[in-house]
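# Residue-level structural notes
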Amino acid sequence: MYSKLGCTIAAQYVFDNMSERNVVSWNAIISAYSNNGLVEEAIQLFNLMRRRLSVDIFTILSLVNAAFGVGDLHKVTQIHGLVVKSGYGNSQRVETGLIEMYIDVNCVDDAYCIFCYMPVKDVVAWTLMLTGFVKSGKWSMAVEHFNQMTATEEVELDSVALIAVQELCSKAGGCMDCFDVTSKPNGGAFQMDHEHQSASSYPLMILTRLLKEST
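Quantities reported herein were computed from a predicted structural model and do not represent experimental measurements.

### Considerations on the UniProt feature "repeat: PPR" (unreviewed entry) in the protein
- Under the UniProt annotation, the feature "repeat: PPR" (unreviewed entry) is placed at residues 22-52 and 122-152.
- Span residues 22-52 is 87% helix and 0% strand, its end C-alpha atoms 10 Å apart.
- Strand forms 0% of residues 122-152 and helix 84%; the C-alpha atoms that close the span are 10 Å apart.

So, in structure tokens, the structure goes:
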């Protein structure tokens, strides 16, 4: 309860005075520090926990969550190392969290390495990488990634993915002279061509086509 309200001091007091501490209580206190951006404290508690009992996937997800918004690459790599040592590094949920963690500190190449080695990639992972390429200004990689995404039968674009596409078009259109997003004969992919059209029309062109294909 205290951890959800952001009262880490009160949560720590309750935790310290517990007669017995199980995985749930350890996860709760780690999550309390993680949710409040106290990365170092979350890492210290994680290290204490794994000396006493086995961590689970919820522990790992709380630890990964601690890095968001901090902007500290050292902390990100430190947490990644702890995740690998825990044995949960191959969990799809954890891998997705790691991708988002690296994108948050603008390390898109590291995020992409994790993405490439994922045995199963859902729409969340695909969209995160698309967002990462857009955020870092890697326009050609973003378009290539989107082409692969639309060509993957197991992936269905959702509203978040379409927003990422719209952001790609608007930002890339502002940085390049002009380009058109057109369909390829191989079905479903898009490419950049130098055409004289308004940049504001790109999102509409893509979204219109995607909506037609989804019906």
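That was the structure; now back to the text.
### Observations concerning the packing of helix 7 (residues 108-116) against helix 8 (residues 123-135)
- Where helix 7 meets helix 8, the closest approach of the two axes is 10 Å, and the angle between their N-to-C directions is 160°. Considered as vectors, helix 7 and helix 8 are oriented roughly antiparallel to each other. Considering only the axes of helix 7 and helix 8, their crossing is left-handed. Here V108, A111, Y112 and F115 of helix 7 come into contact with helix 8, specifically with A125, W126, M129, G132 and F133.
- Counted by class, the contact of helix 7 with helix 8 contains 8 nonpolar, 1 polar and no charged residues.

### Describing the environment of Y117
- Relative to the helices and strands, Y117 resides in the loop between helix 7 and helix 8.
- Sequence separation of Y117 and E95 is 22 residues, and the distance between their C-alpha atoms is 9.4 Å.

### Concerning unusual backbone geometry
- Backbone geometry at N106 places phi at a positive 65°, although glycine is not the residue there.
- Along the chain, the position of N106 falls in the loop between helix 6 (92-104) and helix 7.
- Since its relative accessible area comes to 53%, N106 is described here as exposed.

### Digging into the environment of T96
- The topology assignment puts T96 in helix 6.
- Taking relative accessible area as the criterion, T96 reaches 11% and is therefore assigned buried.
- In this structure the C-alpha to C-alpha distance between T96 and M129, which are 33 residues apart in sequence, comes to 9.7 Å.
- Setting aside residues up to four positions removed in sequence, T96 forms contacts with M118, V124, A125 and L128.

### Digging into the confidence of the model for the protein
- Put simply, the protein has an average pLDDT of 78, and 76% of its residues get 70 or more.
- Predicted confidence in the protein is weakest over strand 1 (residues 180-183), with a mean pLDDT of 40, and strongest over helix 7, with 94.
- Low pLDDT, under 50, characterises residues 174-215; the stretch is placed with 68 contacts to residues that sit more than four places away or in other chains.

### Digging into a nonpolar patch on the surface
- Together, Y13, V14 and M18 line one region of the surface with nonpolar side chains, adding up to about 290 Å² of accessible area.
- With respect to the helices and strands, Y13 occurs in helix 1 (residues 8-16).
- Accessibility expressed as a relative area gives 57% for Y13, which makes it exposed.

Analysis parameters
In every chain, residue numbers begin from 1 and rise along the written sequence. Local features in this predicted model are restricted to residues of pLDDT 70 or higher, and side-chain atom pairs are both shown and tallied only at a pLDDT of 80 or more, whereas totals for entire chains, interfaces and linings draw on every residue. Remark: hydrogens and water are excluded; side-chain values derive from all non-hydrogen atoms of the structure. UniProt positions are given in the numbering used here, feature names are shortened, and annotations may be inferred rather than shown by experiment. Under the DSSP-based scheme used, a helix requires at least four consecutive residues in state H or I and a strand at least two consecutive residues in state E, with every element numbered from the N terminus. Fitted lines through C-alpha atoms serve as axes, helices being fitted only where they are in contact, and the angles separating the N-to-C directions of these axes extend from 0 to 180 degrees. When an angle is under 35 degrees it counts as roughly parallel; over 145 it counts as roughly antiparallel; between 65 and 115 it counts as roughly perpendicular; any other value is oblique. By definition, turning the near helix anticlockwise from the far helix through less than a right angle yields a left-handed crossing, and turning it clockwise yields a right-handed one. Here, two residues are considered to be in contact whenever any of their heavy atoms come within 4.5 Å of each other. Charged residues are taken to be Asp, Glu, Lys and Arg, nonpolar residues to be Ala, Val, Leu, Ile, Met, Phe, Trp, Tyr, Cys and Pro, and polar residues to be all remaining types, Gly included. A 1.4 Å probe rolled over the protein chains alone gives each residue an accessible area, and that area as a share of the maximum for its type sets the label: buried under 20%, exposed over 50%, partly exposed in between. For every residue, the predictor states its confidence as a pLDDT score lying anywhere from 0 to 100. Any residue with relative accessible area above 30% and no salt bridge may belong to a patch, with like charges joined within 9 Å and the nonpolar Val, Leu, Ile, Met, Phe, Trp and Tyr side chains within 5 Å. Surface accessibility in these figures is a Shrake-Rupley result with a 1.4 Å probe; residues are shielded only by whichever protein chains are displayed. In what follows, salt bridge is the name for a side-chain nitrogen of Lys or Arg lying within 4 Å of a carboxyl oxygen of Asp or Glu.

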